[in-house]
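Fold and contact review
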Amino acid sequence: MESWVDGQPADVLSLKDRGLAYGDGLFETIAVRNGEPVLLERHLQRFDLGCRRLSLNVDMVELRAELDTYARRLGEGILKLIVTRGDGLRGYAAVPSSRARRILQGSPAAVYPAVHAERGVSLFPCATRLSEQPLLAGLKHLNRLEQVLARAEWSDPEHAEGLMLDTSGRVIEGVFSNLFLVRESVLVTADLSRCGVAGVMRAELLSQAESQGVATQINDISLEQLRQADEVFVCNSIYGVWPVLACGSARWSAGPLTRKLQTLARALLDA
Ligand SMILES: Cc1ncc(COP(=O)(O)O)c(C=O)c1O
């Protein structure tokens, strides 16, 4: 489907855009099913938090209406929303009058091998570390060079995802996913107050698990705790849940809580 810039069909962008110059903006990648953006409220919540942290002035009512219209026309697939601070001059200082620019792009649904979800995946242990920056932690901002470096570390299809630690060696997330472990029936995911992207699917699974009486914890996770987990899985808002079977020398099997949460994610995402 054609892209929109500020609500109008367009396939070109100003060379002065600060998203290009400095990564000055945010994005969301949203699954669209039956013409509806999936988990839209959670996407908008993260996006709105990002706008407030970066002082990006976006009319959320206008944006929501635009996303709804675009998703209806797309029908099935993936809607990518990018919002930048708009045009700038030379230098980091923003032009006070600059208007945020909205870019909407539609693409067909992502196709991953079915075995990723059915059997599980191996994670590549990435050497690239996530640096700590609490001001940006949790946001889906446009600076993703750490993920670009990490994803370049492997090209074999044996590894469907990579594991990323922070510079202090804590387990944080996948390259394009969040990570959960299960230990003694408690569902644990990493504290993302220093780095990492606070995923929409992570938030949804935490909330669904809690409402079903599963004990949950948001904590720092060491490599040793990961190794000793009963179950490990990765998740995002496009593919749902993949059980993790291996990372380096560590091995796990797809367990019951992983399967239960995978079924919940699938109900949201499968057309
Ligand atoms: C670095 C990173 N972490 C986590 C996620 C998962 O986020 P979400 O559940 O919102 O798709 C993504 C998604 O692309 C990501 O790029």
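Heads up: these notes are all about the structure in this document. Just so it is clear, the structure is predicted and the values come from calculations on it, not from any experiment.

How each quantity is defined
Residues numbered from 1 in each chain as written. Predicted model: local features only at pLDDT ≥ 70, side-chain atom pairs only at ≥ 80, totals over all residues. Heavy atoms only, no water. Phe/Tyr/Trp six-rings, centres within 6.5 Å; stacked < 30°, edge-to-face > 60°. Helix = DSSP H or I, 4+ residues; strand = E, 2+ residues; numbered from the N terminus. Buried < 20%, exposed > 50% of the residue type's maximum accessible area, 1.4 Å probe, protein only. Near = heavy atom within 4 Å. Polar contact = N/O pair within 3.5 Å; in protein donor to acceptor, adjacent residues only side chain to side chain. Areas by Shrake-Rupley, 256 points an atom, 1.4 Å probe, with all protein chains shown as cover. Nonpolar A, V, L, I, M, F, W, Y, C, P; charged D, E, K, R; others polar. Salt bridge = Lys/Arg side-chain N within 4 Å of Asp/Glu carboxyl O. Pairing = 2+ DSSP bridges. Expected span 1.5 Å × (residues − 1). Arc of directions from axis to C-beta. Contact = heavy atoms within 4.5 Å.

Let us now look at the packing of aromatic side chains. Applying the stated rule across the entire model yields nine aromatic pairs. Measuring from ring centre to ring centre gives 6.3 Å for Phe176 and Tyr239, while their planes differ by 85°; the resulting arrangement is edge-to-face. Here Tyr239 lies in the loop between β13 (231-236) and β14 (240-247) and Phe176 lies in the loop between β9 (171-174) and β10 (178-183), a separation of 63 residues in the sequence. Since its relative accessible area comes to 31%, Phe176 is described here as partly exposed. Here the aromatic rings of Phe180 and Phe233 are separated by 5.0 Å at their centres, their planes lie at 15°, and the arrangement is stacked. Of the two residues, Phe180 sits in strand β10 while Phe233 sits in strand β13, which places them 53 residues apart along the sequence. Note on accessibility: Phe180 and Phe233 belong to one class, buried.

Glancing now at the site of the ligand. Around the ligand there are 14 residues in total, and Arg46, Glu173, Val200, Met201 and Ser237 lie nearest to it. Contacts to the ligand include Val200, whose backbone N or O atom sits 2.8 Å from an oxygen atom. Backbone polar atom of Met201 to an oxygen atom of the ligand: 3.0 Å apart, as the coordinates give it. Protein coverage of the free-state accessible area of the ligand, which is 390 Å², stands at 93%. For the shell around the ligand, the class distribution of residues is five nonpolar, six polar and three charged.

In this section: the pattern of salt bridges. The final tally for this structure, using the stated rule, is 18 salt bridges. For the salt bridge of Glu204 with Arg42, the shortest nitrogen-to-oxygen distance reads 2.7 Å. One end of the pair, Glu204, is in helix α6 (residues 200-211); the other, Arg42, is in helix α2 (residues 40-54), and 162 residues separate them in sequence. In this structure, Arg170 and Glu132 form a salt bridge, with 3.3 Å as the shortest nitrogen-oxygen distance. A residue pair is termed long-range when its members are at least 10 positions apart, and Arg170 in the loop between β8 (159-165) and β9 and Glu132 in the loop between β7 (121-125) and α5 (145-151) qualify at 38 residues. Overall, the relative accessible area of 33% leaves Glu132 in the partly exposed class.

Further remarks concern the pairing of β7. The sheet contact formed by β7 and β14 spans three bridges and is parallel. Pairing of Ser122 across the sheet is with Ala246, part of β14.

Unusually for a residue other than glycine, Leu39 sits at a positive phi of about 60°. By secondary structure assignment, the location of Leu39 is in the loop between β4 (36-37) and α2. Overall, the relative accessible area of 14% leaves Leu39 in the buried class. Not every positive phi belongs to a glycine, and Ser185 is a case in point at roughly 70°. Mapped onto the secondary structure, Ser185 falls in the loop between β10 and β11 (186-190).

In a regular helix each residue adds 1.5 Å, so 15 residues correspond to 21 Å; α2 covers 21 Å between its end C-alpha atoms and thus fits that length. Residues Leu40, His43, Leu44, Arg46, Phe47, Gly50, Cys51 and Leu54 constitute the buried set of α2. Seen along its axis, α2 keeps its buried residues to an arc of 165°; they face one direction. Exposed and facing more than 90 degrees away from the buried side of α2 are Gln45 and Arg52. Packed against the buried residues of α2 are β3 (25-33), β4, α3 (60-74), β5 (77-84) and α6.

Here α6 spans 17 Å end to end across 12 residues, near enough to the 16 Å set by a 1.5 Å rise per residue. Those residues of α6 that fall on the buried side of the exposure criterion are Val200, Met201, Arg202, Glu204, Leu205, Leu206, Gln208 and Ala209. Positive backbone phi, at 85°, marks Gly213, one or two positions downstream of α6.

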